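# A structural walkthrough
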Number of protein chains: 2
Amino acid sequence: MDQIPLYRRLAAHYREAIETGAMAYGDRFPSMRSLMARHQVSLSTALQLCHHLESDGWLEARPRSGNFVRQPRRQTVRPLAEPVPGQAPDPARYVGINARVSEFIARGRQSPVKVNFSSARSAPALYPGEALKNSAARMLRRHPELLVSPPHNNGDPAFRSVLAKRAMANGMLLTPEDILVTHGCIEALNLALRATTQPGEIVAVESPTFFGLLQVLETLGLRALEIPTSPQTGISIEALELAIQTTDKIKALVVVPHLQNPLGSIMPDSHKARLVALCALHDIALIEDDSYSALSNDGTPLKALKAWDRGGNVIHCASLHKTLAPGLRLGWLTGGRWQSRIEMLKYVHSRNNEELAQLAAADFMASSAYDRHLRRLRACLKTQRAQTAEAIATYFPDGTRLTEPDGGLALWIELPHGLSSRTLFDAALAEGIFIAPGLMFSNSNRFEGFIRLNCGAPYSAEIDAALKRLGQICKVLQS
Amino acid sequence: MDQIPLYRRLAAHYREAIETGAMAYGDRFPSMRSLMARHQVSLSTALQLCHHLESDGWLEARPRSGNFVRQPRRQTVRPLAEPVPGQAPDPARYVGINARVSEFIARGRQSPVKVNFSSARSAPALYPGEALKNSAARMLRRHPELLVSPPHNNGDPAFRSVLAKRAMANGMLLTPEDILVTHGCIEALNLALRATTQPGEIVAVESPTFFGLLQVLETLGLRALEIPTSPQTGISIEALELAIQTTDKIKALVVVPHLQNPLGSIMPDSHKARLVALCALHDIALIEDDSYSALSNDGTPLKALKAWDRGGNVIHCASLHKTLAPGLRLGWLTGGRWQSRIEMLKYVHSRNNEELAQLAAADFMASSAYDRHLRRLRACLKTQRAQTAEAIATYFPDGTRLTEPDGGLALWIELPHGLSSRTLFDAALAEGIFIAPGLMFSNSNRFEGFIRLNCGAPYSAEIDAALKRLGQICKVLQS
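Residues numbered from 1 in each chain as written. Chains lettered and ligands numbered in written order. Predicted model: local features only at pLDDT ≥ 70, side-chain atom pairs only at ≥ 80, totals over all residues. Heavy atoms only, no water.

What chain A contains, in helices and strands, is 15 helices and 17 strands. Against the 2.2 N^0.38 benchmark of 23 Å for 479 residues, chain A shows a C-alpha radius of gyration of 23 Å, consistent with a compact globule. Taken over the C-alpha atoms alone, chain A extends approximately 65 × 55 × 45 Å along its principal axes. Of all 479 residues assigned to chain A, the portion counted as buried reaches 59%. Taking contacts inside chain A between residues at least 6 apart in sequence as the whole, the part at least 24 apart equals 76%. For chain A, the accessible surface area stands at approximately 18,900 Å², while carbon and sulfur atoms represent 52% of it. (Helix = DSSP H or I, 4+ residues; strand = E, 2+ residues; numbered from the N terminus. Rg over C-alpha atoms; globule rule 2.2 N^0.38 Å. Buried < 20%, exposed > 50% of the residue type's maximum accessible area, 1.4 Å probe, protein only. Contact = heavy atoms within 4.5 Å. Areas by Shrake-Rupley, 256 points an atom, 1.4 Å probe, with all protein chains shown as cover.)

Structure, rendered in structure tokens:
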């Protein structure tokens, strides 16, 4: 208890007061002076308290008037349902997602889009553009022959060294040589799947999962077995066990343990330990995509599945373009017992990554500026998600349900009363609003009633108007 | 005739005089003054004449003494033999090259290498490092959010526009939208093969061919059908016709029409027209790797196979890291009727290329500095190849044969009297000399008696000593 900062303990106290009605909507919140006197705290603590409650949506500051208790979210927005235990999985099947995904993406590209909720990305303003630019310029000056010299094998040593050091916080003991630099996490996943499977074989995936992964499976000729996944705790290990017992050999499993895309779930450590052991027991290559873990609300480092790996059965993949720079296509992996095969596949497919981006990233990441940036990014995303969630609660029809993930870029929303996300997609796009329909996140039609909304851009009047309009369209489509 | 510059016509005259013995080795070459008087030419023309003869190896300048006729190459170095016409091709088979290539490369990496003749690359000093660095820095200043913004779909518009403009000189009428930017030519080839074939199908390739391509075929589970290839005119169209008639369905053909790797051959235009028609007739996807054409001796633009394509059956792939910058992994393709499938595969495998390298390259390539750089690079490579060829003629045993390609980075050498390149590789590596044995360039053992020597580095005493030592080792191994 002592490890929780004082301002947070006070925040919990006031939150409870608001939730129980002891403080009502519109009430003036105590001034700094009275907070300091009442709780015997410093001005700094009082300021932190108010800032925290404000960013969580409990207070609003009115200029020259002080802080006021904010209208609480409507009670009608329920969290998403958990998957039903014991449900038999769909049979494994070849993925036919590209045509569907391509259709939605192509239509978004061809239409005049005013507000894009579709991609899982943050606004450039949330990233350290200036500092990275300076790092890149510095590296060009320091290494004048950089652009005309062949890059290092498997990645730049300085960059791999920074990655290895940072991986320690996530429970992984790696040397720089254990790390292979790739063109984003997507290349890492492609390589991991090519190294561990043959066309026609079965790969288990979370359901729902991000369409990028389903596209990879389709283009590699693999069969997807979708495993029910909880919005809270990630992939259902019971469902996976059932699938192992009842279906053909599963060759690999791909999971996003932290801030799963699109659900936002985070696997508890106890689940991770079980999952790693289960996959090792049944000789299923366990491929983790851990690109989001630095975006959790409180920033406490999360332990990778790889941290439980003893026999080299886990391939850990990650990237930096969600956390550091959307304009750098930097990913990496550590491949366990497939490392040398993956290195060969990477070389044969796209050779070694260029140096400049790696050196610029290494330069920036080695400084404390990187941690400061991550703190700011996490806070921005948290606020943006809260604002979006509140708008959904306000504007969308009764019966709408949504995730409230502890981090990440997006919200996953269940539309009420069997409303089809395809219909909503069409109607919204006609008005310049681009959303990602749930149909893109599964090889089945199971998520037709869902949408994913990206919250990566700073909340604005335009975004608010678009969410309001989405809610109105839902109501019209319902009636 | 009038289009040939005066100094070249004079050079031909003096070359003939040397070849016929009218001027002998060691003879003093006429002074500038007497050249001007004798031929009624300007000082500039006289200087150009001497420079040209010197760079072609006919003259040597001795400090403070003037120019002297140089010892001609020994007559014993014969050009390589042409493939025998009507020879039945090997059966198509799965490639098993990775283990072999990996072994040679790994051994090169593990040994203390003093001189590396193995990779087909040029020294950084031959590339415009400073100018590219300035272009990159300028682009960072001009686009301050470049590193934190998502890259353009399929490649940067400015870069694709420069590529489309330059492709006109090679007979291709392309719009920027026809061009997909890739991570080097190797990714372009991977994508082209994935778009046009399924695992298990047959791909025809040149024999010998570069091991990078054989590695791609192996990792994609394709079967290679090796077609005899001429050191002069490239792939044998007769042999390909025979293969079409006698083997199972050929799905795709990969060729390097200009400065083939490792042979250095250049297909005559008449062959190109026949090849494009033949492939269209038999529904064989024709994939061309045209990464070297800017490195031909005289720099006259060569027409791509794609220039004859009418039905979209040719996929043109190229790269810039041999011609512009080994440190930029920039390649591109135009995919004919497979364009949209290839774009999808590229996106699914590695997303869009980063912007910075593309913008820097576009900035540099849009200026006349690029053409000046190419002229200088071609001249350097020509000199380096000539110096290497002369050293081989001097140091290697009788019976050695070699290519004398009209451009490119490398020489392809046939060792005398059945000497094995594997044995030579072992003995040379023990002395710190790293060569590429012919075994790497075929799925068969047909080229065991060959080696490829890279001539990308400025000729030096160290290189000369290494070539001398290679020749001595050959002589020892022979005896």
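Resuming the write-up.
Pairing between side chains of opposite charge can happen when the charged atoms of each approach one another. Residues and elements named next belong to chain A. Using the criterion set out here, one finds 31 salt bridges over all chains in the structure. Between Arg274 and Glu238 there is a salt bridge; the shortest N-O distance is 3.2 Å. Of this pair, Arg274 sits in helix α10 (residues 269-281) while Glu238 is found in helix α9 (residues 237-246), placing the two residues 36 residues apart along the sequence. Classification of Glu238 by relative accessible area gives partly exposed; the value is 43%. A single salt-bridge network, built from bridges that share partners, covers Glu103, Arg107, Arg422 and Asp426. (Salt bridge = Lys/Arg side-chain N within 4 Å of Asp/Glu carboxyl O.)

The next point concerns the relation of the copies chain A and chain B. For the pair chain A and chain B, the superposition axis carries a translation of 0.1 Å, the fit reaches an RMSD of 0.1 Å, and the rotation angle comes to 180°. What the superposition gives is, in effect, a two-fold axis relating one chain to the other. No C-alpha of chain A lies nearer the rotation axis than that of Ala137 of chain A, which sits 2.9 Å from it. Residue by residue, 100% of the interface of chain A is reproduced at the interface of chain B, so both copies engage with the same surface. (Least-squares fit on C-alpha atoms with pLDDT ≥ 70 in both.)

Contacts between the two partners involve 49 residues from chain A, matched on the other side by 49 residues from chain B. In this assembly, chain A and chain B are joined by zero salt bridges. Here chain A and chain B share 16 residue pairs in polar contact (both at pLDDT 80 or more) between them. Of all elements in the fold, only α4 (98-110), α5 (129-142), α7 (184-196), α8 (211-219), α11 (339-350) and α12 (355-365) of chain A reach the threshold of two or more residues within the side of chain A that touches chain B. Per-element accounting of the side of chain A that touches chain B gives the leading share, six residues, to α5 of chain A. (Polar contact = N/O pair within 3.5 Å; in protein donor to acceptor, adjacent residues only side chain to side chain.)

All names here are of chain A. Interhelical geometry of α5 versus α12 gives an angle of 120° and a closest axis separation of 8 Å. Taken together, the axes of α5 and α12 are oblique relative to one another. Helix-helix and strand crossings are classified by hand; for α5 and α12 the assignment is right-handed. Of the residues in α12, those in contact with Ala131, Leu132, Ser135, Ala136, Arg138, Met139 and Leu140 of α5 are Leu356, Leu359, Ala360, Asp363 and Phe364. Tallied by class, residues from the contact of α5 with α12 come to nine nonpolar, one polar and two charged. (Axes fitted to C-alpha atoms, helices over the stretch in contact; angles between N-to-C directions. Parallel < 35°, antiparallel > 145°, perpendicular 65-115°, else oblique. Left-handed = near helix turned anticlockwise from the far one by under 90°. Nonpolar A, V, L, I, M, F, W, Y, C, P; charged D, E, K, R; others polar.)

As a further point, take the sheet that holds strand β16 (residues 436-437) of chain A. By way of backbone hydrogen bonds, the strands of a sheet pair with one another, either parallel or antiparallel. Residue and element names in this part refer to chain A. The strand order across the open sheet formed by four strands is β13-β14-β17-β16, and the pairing between neighbours is antiparallel. Bordering the open sheet on either side are β13 (401-402) and β16, each of which pairs with just one other strand. With two bridges connecting them, β16 and strand β17 (residues 450-454) associate as antiparallel partners. Within β17, the residue paired with Pro437 across the bridge is Ile451. (Pairing = 2+ DSSP bridges.)

For the rest of this paragraph, the subject is the packing of aromatic side chains. For the structure shown, the criterion picks out 18 aromatic pairs over all chains. Arranged with centres 5.4 Å apart and planes meeting at 70°, the rings of Phe447 of chain A and Phe450 of chain A form a pair that is edge-to-face. When its relative accessible area of 9% is taken as the criterion, Phe447 of chain A is described as buried. Owing to a relative accessible area of 12%, Phe450 of chain A belongs among the buried residues under this scheme. A centroid spacing of 5.6 Å and a plane angle of 65° characterise the contact between Phe211 of chain B and Phe441 of chain B, whose relative ring orientation is edge-to-face. Here Phe211 of chain B, found in helix α8 (residues 211-219), pairs with Phe441 of chain B, found in the loop between β16 (436-437) and β17 (450-454); they are 230 residues apart in sequence, far enough to count as distant. Every member of this aromatic cluster is reached through a ring pair, and the members are Phe211, Trp412, Phe441, Phe447 and Phe450 of chain A. The ring of Phe68 of chain A has Arg62 of chain A sitting right over it, with the charged end atom 4.1 Å from the ring centre. (Phe/Tyr/Trp six-rings, centres within 6.5 Å; stacked < 30°, edge-to-face > 60°. Lys NZ or Arg CZ within 6 Å of the ring centre and 35° of its normal.)

On to the environment of Lys322 of chain A, then. Residue and element names in this part refer to chain A. Its location among the elements puts Lys322 in the loop between β11 (314-319) and β12 (330-334). By relative accessible area, which is 14% here, Lys322 ends up buried. Setting aside residues no more than four positions away along its own chain, Lys322 makes contact with Ala120, Tyr127, Ser291, Tyr292, Leu295, Leu377 and Leu409.

We note that the domain assignment places domain 1 (6-69), domain 2 (93-126 + 374-478) and domain 3 (129-370) within chain A. On a C-alpha basis, the centroid separation for the pair domain 1 of chain A and domain 3 of chain A is 41 Å. (Domains from an automatic or database assignment.)

Pro208 of chain A follows Ser207 of chain A through a cis peptide bond whose omega is 5°. Along the chain, Pro208 of chain A falls in the loop between β6 (202-207) and α8. With an omega of 15°, the peptide bond running from Asn261 of chain A to Pro262 of chain A counts as cis. Checked against the element boundaries, Pro262 of chain A lands in the loop between β9 (250-255) and α10. Positive phi is not limited to glycine here, since Gln40 of chain B has a value of about 55°. In this structure, Gln40 of chain B sits in the loop between α2 (32-39) and α3 (43-55). Taking the relative accessible area as the measure of exposure, Gln40 of chain B reaches 71% and is therefore exposed.

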